Amino acid sequence: MLKNGLTACALALLLYGCATPEWQATHSECTKTFYRQLPPSFQLVQVTRAVPVEVPTGQTNCVSTPMGGSVTTECRPVTMTQWRSIPDFERMDVNAEARENAINHCTKTTCLTQFGNAQCKPAPPAGPARPSPNPTAPRPSPA
């Protein structure tokens with residue numbers, strides 16, 4: 001679970017670096033709001049972890065080594081790795097997912113409302129108005 005949180009943070013930082021200043025300001029305000037409404041609440045939560053366990057296959061691997069006039073044979077059991085699930089406890093912020101969802105929703109809806117798009121991209125500045133071409137005006141003759 002911690003690995004997923006770190007991945008999400010790294011992804012958020014990458015996206016935040018590419019965001020417009022308007023998006024960053026909106027996201028910051030939404031973050032302040034929802035950290036007040038859904039503050040971190042750390043609790044021990046039971047999780048299941050996968051751990052590797054070496055188990056015998058029932059086969060043996062033997063190596064014979066000649067020593068002087070005799071032969072010494074050493075046999076070892078062949079093992080394989082199996083993954084077993086074991087219960088464990090992890091300290092987690094139980095509000096983190098709901099808070100992150102609320103921040104993302106707030107940012108998106110605020111950007112849509114204020115800028116007309118989810119990225120808070122401002123509209124390009126309006127250029128000078130161009131007169132529309134007059135279809136009845138005489139065209140220059142080809143040279």
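Residues numbered from 1 in each chain as written. Predicted model: local features only at pLDDT ≥ 70, side-chain atom pairs only at ≥ 80, totals over all residues. Heavy atoms only, no water.

Visitor: Go over the state of the cysteines with me, naming the residues and quoting the values.
Guide: Taken as a whole and assessed by the stated rule, the structure comprises three disulfides. Across a sulfur-sulfur distance of 2.0 Å, C30 and C106 are joined as a disulfide pair. Between C30 and C106, the S-S torsion sits near -70 degrees, and that sign places the bridge as left-handed. Pair noted here: C30 is in helix α2 (residues 21-37) and C106 is in helix α3 (residues 96-115), with a separation of 76 residues, a long-range link. Look at C30 and you get buried, because its relative accessible area is 2%. Across a sulfur-sulfur distance of 1.9 Å, C62 and C75 are joined as a disulfide pair. One disulfide, between C62 and C75, carries an S-S torsion of 110 degrees and so falls in the right-handed class. Within this pair, whereas C62 is found in strand β1 (residues 42-67), its partner C75 is found in strand β2 (residues 70-93), the two being separated by 13 residues in sequence. Residue C62 is classed as partly exposed on the basis of its relative accessible area of 39%. Note on C75: relative accessible area 43%, which makes it partly exposed. Each disulfide of the protein joins two cysteines, and with those cysteines numbered along the sequence the arrangement is 1-4, 2-3, 5-6. (Disulfide = S-S within 2.5 Å. Helix = DSSP H or I, 4+ residues; strand = E, 2+ residues; numbered from the N terminus. Buried < 20%, exposed > 50% of the residue type's maximum accessible area, 1.4 Å probe, protein only.)

Visitor: So what's going on with the pattern of salt bridges? Residues and values would help.
Guide: Pairs can form between side chains of opposite charge whenever their charged atoms are close. The tally for this structure, following the rule as stated, stands at five salt bridges. Between D88 and R49 there is a salt bridge; the shortest N-O distance is 2.8 Å. Residue D88 is found in strand β2, and its partner R49 is found in strand β1; the two are separated by 39 residues along the sequence. Judged by relative accessible area, R49 falls into the partly exposed class, the value being 32%. A single salt-bridge network, built from bridges that share partners, covers R49, D88 and E90. (Salt bridge = Lys/Arg side-chain N within 4 Å of Asp/Glu carboxyl O.)

Visitor: Please provide a residue-by-residue account of the environment of P122, values included.
Guide: Secondary-structure assignment places P122 in the segment after α3. As a C-alpha pair, P122 and P21 span 101 residues in sequence and 10.0 Å in three-dimensional space.

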